[in-house]
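Descriptive structure summary
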Amino acid sequence: MAEKMPAIMKTKPAYGAELVEVEVPKPGPGEVLIKVLATSICGTDLHIYEWNEWAQSRIKPPQIMGHEVAGEVIEVGPGVDTIQEGDYISAETHIVCGKCYACRHNRYHVCQNTKIFGVDMDGVFAEYAIVPAQNAWKNPKDMKPEYATLQEPLGNAVDTVLAGPIAGRSTLITGAGPLGLLGIAVAKASGAYPVIVSEPSEFRRELAKKVGADYVVNPFEEDPVKFVMDVTDGAGVEVFLEFSGAPKALEQGLKATTPGGRVSLLGLFPRDVTLDMNNLIIFKALEVHGITGRHLWETWYTVSSLIQSGKLNLDPIITHKYRGFDDFEEAFELMRAGKTGKVVFFPHKG
Ligand SMILES: NC(=O)C1=CN([C@@H]2O[C@H](COP(=O)(O)OP(=O)(O)OC[C@H]3O[C@@H](n4cnc5c(N)ncnc54)[C@H](O)[C@@H]3O)[C@@H](O)[C@H]2O)C=CC1
Ligand SMILES: CC(=O)[C@H](N)C(=O)O
Ligand SMILES: [Zn+2]
Ligand SMILES: [Zn+2]
């Protein structure tokens, strides 16, 4: 194995990132070293790349970026007995403390001391990477690396879609970015019908259709509430899944949800949102879920089984594949421009 490797690093507190040569790291106690077989870009990586306000408050350059991954374990650190050399793993990115009030109630997804790799420490946009053994998830050997790396964001989508009954339920999804597209795949694999998607980008509406959306609507040209009422004979949808983080989409979705229906909110809003709570939520007796991270480890079992079932239509979502990191700037800029679904790197060129 080489002693040096290329890595996409946030080198400076400014826009962008650099492809640099760094030492291949050694696994410390409780850690494993993986050969990265596939790694994908998350919206959070874009925020770090763009150096937005959140990134400025959280990231401490220089740091290797990236957290969605699939790889083969090539070395285990001292004290690791759950993972072995040769295991094919993905990783939960939230490193939880196991000791706080939330953890002691098995609510690891809201651990108050969560650290995230690729955010609070070096990440996986490299040929080799360190993963804490407690965060490793073993994959079946025949799972394609480009699917295995998507399990972490798929976990967000699974928790959003499956927070309540979905089979046979009319469903509105607002936002068909990478996460909304994964949400469509999960909703369709789980038997939702009809799945209506509201998304302003034509490119992403087309992707939504390829993934399996039954209807798509452009909320900037047509009223999505009327659209939903027409499709559902005036009833509104049973399930509203918010994946856009757009305040207007939230309001429209709540209006389009049938009284007594279920709402799951994953999208993060850029500012405080003002809503007519009485008429949009309380008098409609809506069941509202906030969604964050993934349930450990229940969500990972569901995600892995869904992929293995062959029922998740992931191929149209993976719009860009890169061998090596040489074109990483193109990948980031395309994603920033909304011209991608999921972007996957295969770091090893050979
Ligand atoms: N709660 C959590 O744990 C997590 C939340 N997120 C959030 O999930 C959301 C989705 O993530 P990505 O797909 O990566 O984001 P994205 O920004 O790529 O996708 C959002 C999509 O919403 C669309 N959109 C904008 N205005 C709209 C409107 N009025 N109606 C309908 N669609 C509209 C955009 O065109 C875009 O395609 C983001 O807000 C992100 O911050 C991401 C990861 C974890
Ligand atoms: C911070 C992240 O981007 C991560 N995917 C998460 O689920 O929290
Ligand atoms: Zn992420
Ligand atoms: Zn905790």
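The rules behind the values
Residues numbered from 1 in each chain as written. Chains lettered and ligands numbered in written order. Predicted model: local features only at pLDDT ≥ 70, side-chain atom pairs only at ≥ 80, totals over all residues. UniProt positions renumbered as here; feature names shortened; annotations may be inferred. Pairing = 2+ DSSP bridges. Helix = DSSP H or I, 4+ residues; strand = E, 2+ residues; numbered from the N terminus. Domains from an automatic or database assignment. Contact = placed C-beta atoms within 7 Å. Buried ≥ 20, exposed ≤ 12 C-beta atoms within 10 Å, placed from the backbone. Arc of directions from axis to C-beta. pLDDT = per-residue confidence, 0-100.

The name that an unreviewed UniProt entry assigns to the protein is L-threonine 3-dehydrogenase, with the source organism given as Thermococcus barossii. Turning to the protein, the UniProt record has this under Sequence similarities (unreviewed entry): "Belongs to the zinc-containing alcohol dehydrogenase family." Heading Pathway (unreviewed entry) of the UniProt record for the protein holds this comment: "Amino-acid degradation; L-threonine degradation via oxydo-reductase pathway; glycine from L-threonine: step 1/2."

What about the sheet that holds strand β1 (residues 4-10)?
Across the sheet, which stays open at both edges, the three strands sit in the order β2-β1-β4 with antiparallel pairing between neighbours. In this open sheet, the two edge strands, each paired with only one partner strand, are β2 (18-23) and β4 (63-64). The sheet contact formed by β1 and β2 spans six bridges and is antiparallel. Within β2, the position partnered with alanine 7 by the bridge is valine 20.

What to know about the domain arrangement of the protein
Splitting the protein by domain gives domain 1 (4-150 + 317-346) and domain 2 (157-290). In this structure, domain 1 and domain 2 have C-alpha centres spaced 29 Å apart. Every contact between the two is made by six residues of domain 1 and, on the other side, nine residues of domain 2.

Some thoughts on helix α6 (residues 202-211)
Every buried residue belonging to α6 is among Arg204, Leu207, Ala208 and Val211, and all of these are buried. For α6, the arc enclosing every buried residue in end-on projection is 105 degrees, short of the 170-degree limit, so these residues lie on one face. Contact partners of the buried residues in α6: α5 (178-189), β12 (195-198) and β13 (215-217). Downstream of α6 by one or two residues, glycine 212 has phi in the positive range, about 135 degrees.

A few points about the confidence of the model for the protein
Taken residue by residue, the protein gives an average pLDDT of 97. The fraction at 70 or more is 100%. As scored by the predictor, the complex reaches a pTM of 0.98 and an ipTM of 0.99.

Regarding unusual backbone geometry
Looking along the chain, the bond that leaves tyrosine 193 and enters proline 194 is cis, with omega of -15 degrees. Cis rather than trans, the peptide bond between leucine 296 and tryptophan 297 has omega equal to -5 degrees. Along the chain, tryptophan 297 falls in the loop between β16 (287-290) and α10 (298-309). A positive phi angle is found at aspartate 233, which is not glycine, with a value near 55 degrees. Within the fold, aspartate 233 resides in the loop between α7 (224-231) and β14 (237-242). When the 8 C-beta atoms within 10 Å are taken as the criterion, aspartate 233 is described as exposed. Notably, alanine 285 is not glycine yet its phi reads approximately 50 degrees, a positive angle.

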